Amino acid sequence: MLLTAALPALRIRSSQPLLPEAPEPVVRRYRRWPKPVAVTALAGALLAAITVGAVGSKNLDAGATTLPEKAHASAEAFFGRYADPGGRIVRRDQGGDTVSEGQAYGMLLAVAVDDQARFSSIWGWARDHLQLQDGLLATQWSGGKVVNPQPATDADLDAARALVLAGRRFGSPAYTAAGTEIGEAVLDHETATIGGHSVLVAGPWGVQPPVINASYFSPRAYADLNAARPDPRWDELAATSRSILASLTDNGTQRPPDWATLDAGASAAEIGTLARPIPSPSSPGASGGAYGLDAARVAIRQEESCVAADRKIAAALAPVENGEGHPVFAVSAAAAEEAAGQKGSSEAMLDKAATEDLQTPTYYGAAWVALGRVMLDSSALGTCPR
């Protein structure tokens, strides 16, 4: 009986706190492309935002890193359903293909459950089958080959973040080096310079004209990558992302669109205000401004931030996030409720998401049920002052 009672605790693996560390010297493998020329002065409003972002990026703190049972179980369920033994994350409900986003999700979850062997296999598969000459990851693989070589910035950011976290957790300088290399490739190839400041775009294809997907904005990824290899552009991305989101959501009072475009000629003060919703680039005939499965991630990523201004946007979305239609919408509502201080409502929404995923299993739903529990309910990917 004592052993039976102890089993749940034995399933949970604890790990060392993830904290910023001094940048490590690394040998670069990839050719550096020219960086945009920085302006010599920052606009007052943007300077203040960047200062806030810098503080949030550098004050990650230690905390308990034991993974709660539900989060651990959700991560293992995702692996059991969608991870092949060789490390490929398979979208079984979407024709059996693999996308860079899925590999990155698997890497983050492997760090969260403290499984170095699984992390190594998932990253190894992505490196061997998806990584391009510039360090970024091709978006889609199917039938034994890459079928879409265009990178997607969210996958590159998540993979880079997972690698630097794995470098700390597993004591691997090689992982840290790989993560910072992808991070620099993001800065070099997946950002546009508008009004003298760096803005995260959807991929190399989205630099001109600037096309963004607000759910790609990841304050915690910016912070973790900046801690691993400091670069002022990470703080610029934190500030411009915040400005754009505030505009697209009317300070959190309306749900964001999946896709938007920016005015390349905007001044620093206009970067956010001139953002305009557009149809999906893959469905140009669709109506613009749609809130869909992409934009549902906005509240989750903003609630995970170490900066109060980001979490404020997530909290403001609570009244408009109803959690209906797909598990990721329920996780989004959970994040908004968490940011608003409604822990009970947040837990109820996470449970709802898990139930919906069991009823109608999908790769994307299972991934965000697991990631939602890890990001909202644990410190397994690091902590910051609240």
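Per-chain numbering applies: the sequence of each chain, read as written, is numbered from 1 onward. Given that the model is predicted, a residue must reach a pLDDT of at least 70 before its local features are reported, and side-chain atom pairs must reach 80 or more before they are shown or counted; all residues, however, enter totals for whole chains, interfaces and linings. Only hydrogens and water are set aside when side-chain values are computed; all heavy atoms of the structure are taken into account.

Enquirer: Give a description of the overall build of the chain that names residues and reports values.
Expert: Along the chain, the regular secondary structure elements total 14 helices and 8 strands. Counting across all 386 residues of the chain, residues that qualify as buried make up 58%. Whether two residues are in contact is decided by their heavy atoms, any of which lying within 4.5 Å being enough. Put simply, 71% of the contacts in the chain that link residues at least 6 apart link residues at least 24 apart. We get accessible surface area from the Shrake-Rupley algorithm with a probe of 1.4 Å; when it comes to residues, only the shown protein chains can shield them. Per element, the accessible surface of the chain, about 14,800 Å² overall, is 57% carbon and sulfur. Under the scheme used here, helices are H or I runs from DSSP no shorter than 4 residues and strands are E runs no shorter than 2 residues, and both carry numbers assigned from the N terminus. Only protein chains enter the calculation, and the probe is 1.4 Å; a residue is then buried if its accessible area is under 20% of its type maximum, exposed if over 50%, and partly exposed in between.

Enquirer: So what about the pairing of strand β4 (residues 191-194)? Which residues, and what values?
Expert: Remember that side chains alternate between the two faces of the sheet whenever the strand is regular. Here, a strand pair is defined by DSSP locating no fewer than two bridges between the strands. Summarising the sheet, β4 and strand β5 (residues 197-200) pair through 4 bridges and their orientation is antiparallel. Bridge assignment links Thr191 to a residue of β5, and that residue is Leu200. Counted between consecutive antiparallel strands, the loop separating β4 from β5 contains 2 residues, among which Gly195 sits at a positive phi close to 60°.

Enquirer: Explain the nonpolar core to me, using residue names and the numbers behind them.
Expert: In summary, soluble globular proteins display a tendency toward joint burial of nonpolar side chains. Grouping buried Ala, Val, Leu, Ile, Met, Phe, Trp, Tyr and Cys residues that are joined through side-chain atoms within 4.5 Å yields what is termed a nonpolar core. The biggest cluster of nonpolar side chains holds 105 residues, and the ones touching the most others in it are Phe78, Phe119, Trp123, Ile212 and Ile244. Sorting elements by how many residues they give to this core places helix α14 (residues 363-377) first, with 11 residues. If we skip the residues at most four places from it in the chain, Trp123 touches Met107, Gln131, Leu163, Tyr175, Ala178 and Ile182.

Enquirer: Give a detailed account of helix α3 (residues 69-82), specifying residues and quantitative values.
Expert: Residues spaced three or four apart along an α-helix face the same direction, because each turn holds 3.6 residues. Over its 14 residues, α3 runs 20 Å from end to end, which matches the ideal 20 Å to within 8%, given 1.5 Å per residue. Residues of α3 that are buried include every one of Ala71, His72, Ser74, Ala75, Phe78, Phe79 and Tyr82, and no others. Down the axis of α3, the smallest arc covering the buried residues is 165°, so these residues share one side. A helix is expected to span 1.5 Å multiplied by its residue count minus one. Throughout, the arc means that of the directions going from the helix axis to the C-beta atoms.

Enquirer: With reference to specific residues and values, describe the packing of aromatic side chains.
Expert: Stacked, tilted and edge-to-face are the three classes applied to pairs of Phe, Tyr and Trp rings, where Trp contributes its six-membered ring and a pair requires centres within 6.5 Å; stacked means planes under 30 degrees apart, edge-to-face means over 60, and tilted covers the rest. In the structure shown here, the tally under the stated rule is 13 aromatic pairs. A ring pair is formed by Phe119 and Tyr175, whose centres lie 4.9 Å apart and whose planes are at 70°; its orientation type is edge-to-face. Here Phe119 is found in helix α5 (residues 116-129), whereas its partner Tyr175 is found in helix α7 (residues 173-189), with 56 residues between them in sequence. Both residues of the pair, Phe119 and Tyr175, count as buried. A ring pair is formed by Tyr216 and Trp259, whose centres lie 6.2 Å apart and whose planes are at 75°; its orientation type is edge-to-face.

Enquirer: Provide a residue-level description of the packing of helix α12 (residues 327-339) against helix α13 (residues 343-359), including the pertinent values.
Expert: Axes here mean lines fitted to C-alpha atoms, for a helix over just the part in contact, with angles spanning 0 to 180 degrees between N-to-C directions. For the pair α12 and α13, interaxial distance at closest approach is 8 Å and the crossing angle is 170°. Between α12 and α13, the crossing angle belongs to the class labelled roughly antiparallel. Residue-level inspection shows Pro327, Ala330, Val331, Ala333, Ala334, Glu337 and Glu338 of α12 in contact with α13, the latter providing Lys343, Ser345, Ser346, Met349, Leu350, Lys352, Ala353, Glu356 and Asp357. Three categories are distinguished: nonpolar for Ala, Val, Leu, Ile, Met, Phe, Trp, Tyr, Cys and Pro, charged for Asp, Glu, Lys and Arg, and polar for the others, with Gly belonging to the last. For the contact of α12 with α13, the class distribution of residues is 8 nonpolar, 2 polar and 6 charged. In this scheme, roughly parallel covers angles under 35 degrees and roughly antiparallel covers those over 145, while 65 to 115 is roughly perpendicular and the rest are oblique.

Enquirer: I'd like a rundown of the packing of α7 against helix α9 (residues 232-248), residues and numbers included.
Expert: Running from amino to carboxyl end, α7 crosses α9 at an angle of 60°, the nearest separation of the two axes being 11 Å. Remark: the crossing between α7 and α9 carries left-handed chirality. Listed contacts from α9 to Gly183, Val186, Leu187 and Asp188 of α7 are Arg233, Trp234 and Leu237. When the residues that make up the contact of α7 with α9 are grouped by side-chain class, the tally is 4 nonpolar, 1 polar and 2 charged. Helix crossings get a hand from a simple test, with the near helix turned counterclockwise from the far one by less than a right angle marking a left-handed crossing and a clockwise turn marking a right-handed one.

Enquirer: Could you give an account of the sheet that holds strand β1 (residues 98-99), with specific residues and numbers?
Expert: Pairing is antiparallel across the open sheet formed by 3 strands, whose spatial order is β1-β2-β3. Edge strands, defined here as strands with exactly one partner in the open sheet, are β1 and β3 (145-151).

Enquirer: Please provide a residue-by-residue account of the pattern of salt bridges, values included.
Expert: In what follows, salt bridge is the name for a side-chain nitrogen of Lys or Arg lying within 4 Å of a carboxyl oxygen of Asp or Glu. In total, this model carries 23 salt bridges according to the counting rule given. Between Asp224 and Arg161 there is a salt bridge, with the nearest N and O atoms lying 2.9 Å from each other. Separated by 63 residues along the polypeptide, Asp224 in helix α8 (residues 219-228) and Arg161 in helix α6 (residues 153-169) bring together distant segments of the chain. Relative accessible area serves as the criterion here: at 1%, Asp224 is assigned to the buried category. Its salt-bridge partner being Asp351, residue Arg373 comes within 2.9 Å of it at the nearest N-O pair. Remark: Asp351 occurs in helix α13 and Arg373 occurs in helix α14; sequence separation between them is 22 residues. Among the residues examined, Arg373 registers a relative accessible area of 4% and is labelled buried.

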